[in-house]
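Here is what each chain is made of, one letter per residue.
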Amino acid sequence: MISHASAELAQARALLAPALGQRGGLCVLTGAGMSAESGIPAFRDALTGYWAQFDPMELASEGGFRANPQRVWTWYAERRQGGQQTQPNAGHHALADLARRRPGVLTLVTQNVDDLHQRAGNTDAIQLHGDILQDRWLDPCPRQARGGNVCSTEGAQAGQPPRCGECGNLLRPGVVWFGEALPLGAISAAEQAAQHCAVMLVVGTSGAVWPAAGLAGLARRHGAQVLIVNPAPSEIDGQAHQVLRGTAATVLPALLA
Ligand code: OAD
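Predicted model, so just to flag it, every value in this text is computed and none were measured. (Residues numbered from 1 in each chain as written. Predicted model: local features only at pLDDT ≥ 70, side-chain atom pairs only at ≥ 80, totals over all residues. Heavy atoms only, no water.)

(A) Up close: the overall build of the chain. The number of helices and strands found in the chain is 11 helices and 10 strands. Over its C-alpha trace the chain gives a radius of gyration of 20 Å, about what one expects of a compact globule, namely 18 Å for 257 residues. When its C-alpha atoms are laid out on the principal axes, the chain stretches across 70 × 40 × 30 Å. Counting all 257 residues of the chain, 48% fall into the buried class. Contacts in the chain between residues far apart in sequence, at least 24 positions, make up 66% of those at least 6 positions apart. (Helix = DSSP H or I, 4+ residues; strand = E, 2+ residues; numbered from the N terminus. Rg over C-alpha atoms; globule rule 2.2 N^0.38 Å. Buried < 20%, exposed > 50% of the residue type's maximum accessible area, 1.4 Å probe, protein only. Contact = heavy atoms within 4.5 Å.)

(B) Geometry of unusual backbone geometry. With omega at 0°, the peptide bond leading from Q160 into P161 counts as cis. Relative to the helices and strands, P161 is located in the loop between β5 (156-157) and β6 (163-164). A cis amide bond, omega 10°, links W210 with the succeeding residue P211.

(C) Main features of the pairing of strand β2 (residues 106-110). Taken across its 5 residues, β2 has 4 buried, putting it largely inside the fold. Of the pairings in the sheet, the one linking strand β1 (residues 26-30) to β2 comprises 5 bridges and is parallel in character. Counted as the bridge partner of L29 is V109 from β2. As paired elements, β2 and strand β3 (residues 126-127) share 2 bridges and run parallel to each other. Bridge pairing in β3 links T110 to Q127. (Pairing = 2+ DSSP bridges.)

(D) How the structure looks around the sheet that holds strand β9 (residues 225-229). Ordered in space as β3-β2-β1-β8-β9-β10, the 6 strands form an open sheet in which the pairing is parallel. Two strands bound the open sheet, and with one partner strand each, they are β3 and β10 (242-244). Where helix α10 (residues 214-221) meets the sheet, its contacts fall on β1, β2, β8 (199-203) and β9, and the angle it forms with β8 comes to roughly 165°. (Axes fitted to C-alpha atoms, helices over the stretch in contact; angles between N-to-C directions.)

(E) Structural context of the pairing of β9. Of all 5 residues that make up β9, 4 are buried, and the element is covered over most of its length. Inspection of the sheet shows β8 paired to β9 by 5 bridges, in the parallel sense. Of the residues in β9, the one forming a bridge with V202 is I228. In the classification by handedness, the crossover that spans β8, the intervening α10 and the parallel β9 is right-handed. Where β9 lies against β10, 3 bridges are found, and the strand directions are parallel. Within the sheet, the bridge partner assigned to L227 lies in β10 and is Q242. (Right-handed = clockwise from strand over helix to strand, strands pointing away.)

(F) The nonpolar core, seen in detail. Core analysis: the largest hydrophobic core is formed by 27 residues, its most contacted members being L26, V28, L201, V203, L252, L255 and L256. When residues of this core are traced back to their parent elements, those giving at least two are α1 (4-16), β1, α7 (90-101), β2, β8, β9 and α11 (248-256). Looking at this core, the element that brings in the most residues is α11, giving 5 residues. Setting aside anything within four residues of it in sequence, one finds L255 in contact with L9, A12, R13, L16, L201, L227 and L244. (Core = buried A, V, L, I, M, F, W, Y, C linked by side-chain atoms within 4.5 Å.)

(G) Spotlight on the site of the ligand. The immediate surroundings of the ligand are formed by 22 residues, with F43, R44, T205, S206 and N230 found nearest. Residue T205 places a side-chain N or O atom 2.6 Å away from an oxygen atom belonging to the ligand. Here the ligand loses 89% of its free accessible area of 800 Å² to cover by the protein chains. In a pocket analysis with a 2 Å cut-off to the grid points, the ligand is assigned to the largest pocket. Split into classes, the residues belonging to the shell around the ligand amount to 11 nonpolar, 9 polar and 2 charged. (Near = heavy atom within 4 Å. Polar contact = N/O pair within 3.5 Å; in protein donor to acceptor, adjacent residues only side chain to side chain. Areas by Shrake-Rupley, 256 points an atom, 1.4 Å probe, with all protein chains shown as cover. 1 Å grid on protein atoms, 1.4 Å probe; cavity = no way out; pocket = protein on both sides within 12 Å on 5 of 7 lines; lining within 4 Å. Sits in = over half its atoms within 2 Å of the grid points. Nonpolar A, V, L, I, M, F, W, Y, C, P; charged D, E, K, R; others polar.)

(H) Expanded view of the environment of H129. If you trace the backbone, H129 turns up in the loop between β3 and β4 (130-137). Accessibility expressed as a relative area gives 13% for H129, which makes it buried. Linking H129 and V199, residues 70 residues apart in sequence, is a C-alpha distance of 22 Å. Setting aside residues no more than four positions away along its own chain, H129 makes contact with T110, Q111, V113, V175, V176, L182 and V209.

(I) Examining the layout of surface pockets more closely. What the largest pocket holds in volume is close to 900 Å³. In terms of lining, the largest pocket is formed by 45 residues, of which the most central are A32, A42, F43, R44 and S206. Contributions of two or more residues to the lining of the largest pocket are made by α2 (33-36) and α6 (69-84). Residues belonging to the lining of the largest pocket are distributed by class as follows: 24 nonpolar, 15 polar and 6 charged. (Points joined across faces, edges and corners; volume = space filled by probe spheres on them.)

Take a look at the structure:
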């Protein structure tokens, strides 16, 4: 007898099938749940989530960084180090395998700032919220307006955070904080992919943070089928044609095989 779960999986595979034969047919949006089985905590889990333990305005806003740069720098440095001890899970590998088997079909859009998709092989993943392994300067270099040399990372003085030896500018993590705009190239590429795909597959996001959360609805309004993979309800389940209740590392290998 066919089980409920396998019937749902078969239905999802049928929904997905037409997308796999088209260039740009499949757009995948991932969130923190994608990396949960690699050992990286999500943000909004009631017990283990970062935002259950810390105030996001203190650790993930420009104001929080200016108020206590050392604390914020150290928190990101620890997350950066922790991330380097983790490995892509079976879900990351399933997406990378798909990209290899069907070149040009998949556009992978992630809200994650870790590099697990890239390490699995999806080196062209669109990073909506930046990259925790990159740094950038907090302020525009004041000397640039005067036509002088701009701050250089090579010349940065060690510290927590490092600072420019010439003007005192601080290095900050290269992630997008609350209240900041997403990198323009990344969000417009993601919107293009959402508007032109046949299927939008959303994995491991609560759908609480915009504009990323709007991509599923955008895809649906442009005629795509929307499929969500998440062990728990999300704020965008209403946009889905089908929801698979399961984890990234268990569902994606079966769905994309
Ligand atoms: P959240 O922490 O808000 O949501 C994680 C989602 O993953 C939840 O819906 C969980 O049910 C689901 N989940 C947990 N374990 C899973 C698993 N093994 N497989 C699949 N899903 C699982 O994380 P995001 O939605 O990514 O912003 O959060 C969005 C943004 O808010 C993040 O990018 C971050 C944060 O503030 C920035 O860093 C700018």
